[in-house]
Amino acid sequence: MRKLLLALLLSSSLFSASLYTLDNVHSLNLYFSNQTNFLSQDQEAMLKSMVTEKLKKAGFVLGETDAPIFVVKIDALEIEGTQALHIEVGLGEEVTTKRKDKIGTFAYTYLDSQFIEGYSDPYKNTLESLTLLVDAFINAHKEDNE
């Protein structure tokens, strides 16, 4: 019985690279939240520009009305006396539930994040982490739309 369950789990993971579905996502609006005290306005603008350019280069159209929202959240936290960064990217959009009354709501349809503990250069660490997260989103989108 265990072997059958393990085989089913392994085979199901072969057919989906991600828990999320990014089919037919073509346009986005960018929401950028900076909850840190180390990013200057220029650094924040450079991070936004990097994200925007990567998304445009991947074929996304930015700024259309009622488009899903590409969310970037950067937080600086203190955990047990140690500084940590939490960087998150997500895709938020209006969805309709399968509940009795088919309720319309806002939900994350993609979400990925990284924690960086004990950082030495917070801007550099943020840039590297955000680059990886945006690239992962673009790759997941590409796989879902092939």
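Heads up: the structure comes first, above all this text.
This section reports on the structure supplied with the text. (Residues numbered from 1 in each chain as written. Predicted model: local features only at pLDDT ≥ 70, side-chain atom pairs only at ≥ 80, totals over all residues. Heavy atoms only, no water.)

### Quick word on the overall build of the protein chain
- Summing up its helical and strand segments, the protein chain has 3 helices and 5 strands in all.
- Split into buried and exposed, the 146 residues of the protein chain put 34% on the buried side.
- Residue pairs at least 24 apart in sequence account for 65% of intrachain contacts in the protein chain once pairs closer than 6 positions are excluded. (Helix = DSSP H or I, 4+ residues; strand = E, 2+ residues; numbered from the N terminus. Buried < 20%, exposed > 50% of the residue type's maximum accessible area, 1.4 Å probe, protein only. Contact = heavy atoms within 4.5 Å.)

### Details of the sheet that holds strand β3 (residues 69-79)
- Taken in spatial order, the 5 strands line up as β2-β1-β3-β4-β5 in an open sheet, and their pairing is mixed. Edge positions in the open sheet fall to β2 (61-62) and β5 (104-117), since each of these has one partner strand only.
- Looking at chain direction, strand β1 (residues 27-35) and β3 are connected through 7 bridges and run parallel. The partner of N29 across the bridge, within β3, is I69.
- The strands touched by helix α2 (residues 41-57) within the sheet are β1, β2 and β3, with β1 carrying the most contacts at an inclination of about 155°.
- The sheet contacts of helix α3 (residues 122-144) involve β1, β3, β4 (82-96) and β5, and relative to β4 the element is tilted by about 30°. (Pairing = 2+ DSSP bridges. Axes fitted to C-alpha atoms, helices over the stretch in contact; angles between N-to-C directions.)

### Some points on unusual backbone geometry
- One non-glycine residue, D66, lies in positive phi territory at about 60°.
- Along the chain, the position of D66 falls in the loop between β2 and β3.
- Assessed through its relative accessible area of 77%, D66 is described here as exposed.
- Backbone geometry at K102 places phi at a positive 45°, although glycine is not the residue there.
- Within the element layout of this structure, K102 appears in the loop between β4 and β5.
- Exposure remark for K102: the relative accessible area of 61% places this residue in the exposed category.

### A look at a nonpolar patch on the surface
- Together, L77, I79 and F115 give the surface a local cluster of nonpolar side chains, amounting to about 280 Å² of exposed area.
- Tracing the sequence through the fold places L77 in strand β3.
- Taking relative accessible area as the criterion, L77 reaches 32% and is therefore assigned partly exposed. (Patch = residues over 30% accessible without salt bridge, like charges linked within 9 Å, V, L, I, M, F, W, Y side chains within 5 Å. Areas by Shrake-Rupley, 256 points an atom, 1.4 Å probe, with all protein chains shown as cover. Salt bridge = Lys/Arg side-chain N within 4 Å of Asp/Glu carboxyl O.)

### Some remarks on the environment of N34
- Relative to the helices and strands, N34 resides in strand β1.
- For the pair formed by N34 and V72, sequence separation is 38 residues and the distance between their alpha carbons is 8.3 Å.
- Residues contacting N34, with those up to four places away along its chain left out, are L39, E44 and I74.
- Polar side-chain contacts of N34 include one of 2.5 Å to the side chain of T36.
- Only 3.0 Å separates the side chain of N34 from the side chain of E44, close enough to count as a polar contact. (Polar contact = N/O pair within 3.5 Å; in protein donor to acceptor, adjacent residues only side chain to side chain.)

### Structural notes on the environment of H26
- Secondary-structure assignment places H26 in the loop between α1 (2-15) and β1.
- Along the sequence, H26 and H141 sit 115 residues apart, while their C-alpha atoms lie 9.6 Å from each other.
- Excluding its chain neighbours within four sequence positions, the residues that come into contact with H26 are G59, F60 and V61.

What is shown is where atoms sit, not what they do.
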